[in-house]
Structure formats: structure tokens, C-alpha cells
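Summary of structural features
Okay, here's what each chain looks like letter by letter:
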Amino acid sequence: MDAAAAAAWLAAHRGRGAPLAEALACFDALPAVACDDMPGEWDGEEFPTGHPMDGLLRAHAWRGKTFVDAERVHPLVFARGDGTRFAVDPRRIPMGLAPHRWLAQSWPARVAVRLLMPLLRTAAPRARLRTVTWRGVATASMVYDHLPIIDSFRRVDADTLLGLMDRRGEPAPFVFVLRRRAGAAGG
């Protein structure tokens, strides 16, 4: 799949997602990403496929990821009400709530998370970039420091990536899209 076809496919499915098999076929058709191409701030959006995490990050103001360099990555960046961004320590997120999406997305849960966000914040990087071979292609992948999770990326275009979060124990990956923030080139 060339960049134009992948971009068109993502645009056609934006916000509503697609069956996992279609998302994986798109991912598998895309070219690898070099770790050197990753630095910068990236806006994230979920790509619904029926995964238990669909809707959870959006419900709690997830905004994306920040790649300072290969050794310093902020895997979860959220936003305050005023739009300012901050990194969160992923090991403090209760991932066990994902199968209970209705509870985790409820109004009381969203309020509780907003109140607890100051305790979840971190200035320390919580992941690293490495080239990992997954689904048959060696590509830039984000390895979490304290969780059994690896996010692998494929290039749609210079400023758009399709990502798969592979978490030990889950039968299917979580799918997401990253778009480089305007004016947020690497470094």
C-alpha cells in the first residue's frame, strides 16, 4: 500500500475505525520507520477495532507521545483543561480496568482520573526506542521501561504513523495513529 492509499484509508476510517483484520492488513502493507525519524511531539488518536482499550485513552484526555531521542521517550502524554501537555507514568495507570470499558469511561471514573492526574505525572522518560522485528518487519518500536508493552510503528507519510500496542497477555494489539505536531520537529 503506498502512502496515498494508506492516508486515504485512514481518513475514510477516522473516528469510526475498522475491523482488526483490516487495520492489521494496512499496518503490514506500510513501510518501516527508522528510530532517527521519531524525535518530536506526536498527537495520538485511537483507531477503534473492538479492542478492550478502545475509547479509554480519549475519555481521559490522551494527547499522544513525545520522543526526545532513542533513550528518552514519554509514552503517555495527556492534556490539562487549558490544553497544556504533560507526561504520565504508565505503570501507575490501572490497565486492569480496560476490559471494564463502561466503568473506566464513566463520568465518576473520568472525574477521579482528572483529580488523580497530579499523582500520575512524571518528568522522567518511561520508554526507549529500539528497532524491533514484529509482523515480519524491523521497524522503530517503543519499549516501555516497566510494563510488558511494545508499541511498533509503520510510516503512512513523513508526519503520520500507524501504531500497534502489543501487550503481553492480550490476544490482539491496540491500534492507534500518531501525527507529528505542527512545528514539533525532532530534537
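Please read these numbers as outputs of a predicted model, since none were measured by experiment. (Residues numbered from 1 in each chain as written. Predicted model: local features only at pLDDT ≥ 70, side-chain atom pairs only at ≥ 80, totals over all residues. Heavy atoms only, no water.)

Re the side chain of threonine 160
Stated precisely, the cut-off is as follows: Helix and strand definitions here come from DSSP, where helices need a minimum of 4 consecutive H or I residues and strands a minimum of 2 consecutive E residues; each element is numbered from the N-terminal end. Pairs of residues are marked as contacts when any of their non-hydrogen atoms sit within 4.5 Å.
As for its placement among the helices and strands, threonine 160 is situated in strand E8 (residues 160-167). Apart from residues no more than four positions distant in its own chain, threonine 160 is found in contact with Leu10, Trp42, Arg154, Arg155, Val177, Leu178 and Arg179.

Notes on the confidence of the model for the protein
Selection criterion: Per-residue confidence from the predictor is given as pLDDT, running between 0 and 100.
Looking at the protein as a whole, the pLDDT averages 87, with 84% of positions reaching at least 70. Taken element by element, the protein is modelled with least confidence in helix H4 (residues 101-104), mean pLDDT 53, and with most confidence in strand E6 (residues 137-144), mean pLDDT 98.

Focus on the pattern of salt bridges
Defined as follows: Throughout this description, the term salt bridge denotes a Lys or Arg side-chain nitrogen within 4 Å of a carboxyl oxygen of Asp or Glu. Per-residue accessibility, obtained with a 1.4 Å probe over protein chains only, is compared with the maximum for each type, and a residue is labelled buried under 20%, exposed over 50%, and partly exposed between these values.
This model, assessed by the stated rule, comprises 15 salt bridges. Among the ionic pairs, aspartate 89 bridges to arginine 126, the shortest N-O distance being 3.4 Å. Taken as a pair, aspartate 89 in the loop between strand E4 (85-87) and H4 and arginine 126 in the loop between helix H5 (107-120) and strand E5 (127-134) lie far apart in primary sequence, 37 residues in all. Judged by relative accessible area, which is 0%, aspartate 89 ranks as buried. Accessibility expressed as a relative area gives 16% for arginine 126, which makes it buried. Where arginine 167 meets glutamate 170, a salt bridge forms, and the shortest distance between an N and an O atom there is 3.0 Å. The class for arginine 167 is partly exposed, based on a relative accessible area of 21%.

Some thoughts on helix H2 (residues 20-29)
For clarity, the cut-off: The arc under discussion is defined with respect to the helix axis, by the directions toward the C-beta atoms.
Within H2, burial applies to Ala23, Leu24, Cys26 and Phe27. An end-on view of H2 places all buried positions within 160° of arc, on one side of the element. Among the structural elements, helix H1 (3-13), strand E7 (149-157), E8 and strand E9 (174-180) are those in contact with the buried residues of H2.

Comments concerning the pairing of strand E1 (residues 40-46)
This is how the line gets drawn: A pair of strands is treated as paired once DSSP finds two or more bridges between them.
Burial within E1 is extensive, with 5 of its 7 residues counted as buried. With 5 bridges connecting them, E1 and E9 associate as antiparallel partners. The residue bridging glutamate 46 from the neighbouring strand is phenylalanine 176, located in E9.

Focus: the nonpolar core
Quick note on the threshold: For the purposes of this section, nonpolar cores are sets of buried Ala, Val, Leu, Ile, Met, Phe, Trp, Tyr and Cys residues that join through side-chain atoms within 4.5 Å.
Met38, Phe67, Leu129, Met142 and Phe153 are the most contacted members of the largest nonpolar core, which has 27 residues in total. Elements supplying a minimum of two residues to this core: helix H3 (56-59), strand E2 (62-69), strand E3 (72-79), E5, E6, E7, E8 and E9. Each residue touching methionine 38, except ones within four places of it in the same chain, is listed here: Val33, Phe67, Leu129, Ala140, Phe153, Leu161 and Arg180. Counting 15 residues, the second largest nonpolar core, distinct from the first, contains Cys26, Leu30, Val156 and Val175.

Quick word on the environment of glycine 163
Note that glycine 163 resides in strand E8. Residue classification places glycine 163 among the buried positions, given a relative accessible area of 0%.

Quick word on the packing of aromatic side chains
We count it as follows: Each aromatic pair joins two rings of Phe, Tyr and Trp (for Trp, the six-membered one) with centres within 6.5 Å, and gets the label stacked for planes under 30 degrees apart, edge-to-face for over 60, and tilted for any other angle. By definition, being over a ring means that NZ of Lys or CZ of Arg is both within 6 Å of the ring centre and within 35 degrees of the ring normal.
Enumeration over the complete set of coordinates arrives at 5 aromatic pairs. When the centroid spacing of 6.3 Å and the interplanar angle of 90° are considered together, the rings of tryptophan 62 and phenylalanine 176 count as edge-to-face. Residue tryptophan 62 is found in strand E2, and its partner phenylalanine 176 is found in strand E9; the two are separated by 114 residues along the sequence. The two residues tryptophan 62 and phenylalanine 176 agree in class, both being buried. Ring centres 5.8 Å apart and planes at 90° place the aromatic pair phenylalanine 67 and phenylalanine 153 in the edge-to-face group. A residue pair is termed long-range when its members are at least 10 positions apart, and phenylalanine 67 in strand E2 and phenylalanine 153 in strand E7 qualify at 86 residues. Across the pair, exposure class does not vary: phenylalanine 67 and phenylalanine 153 are buried alike. Taken together, the ring pairs in this structure connect Trp62, Phe67, Phe153, Phe174 and Phe176 into an aromatic cluster. A cation over an aromatic ring shows up here: lysine 65 above the ring of phenylalanine 176, its NZ or CZ 5.2 Å from the ring centre.

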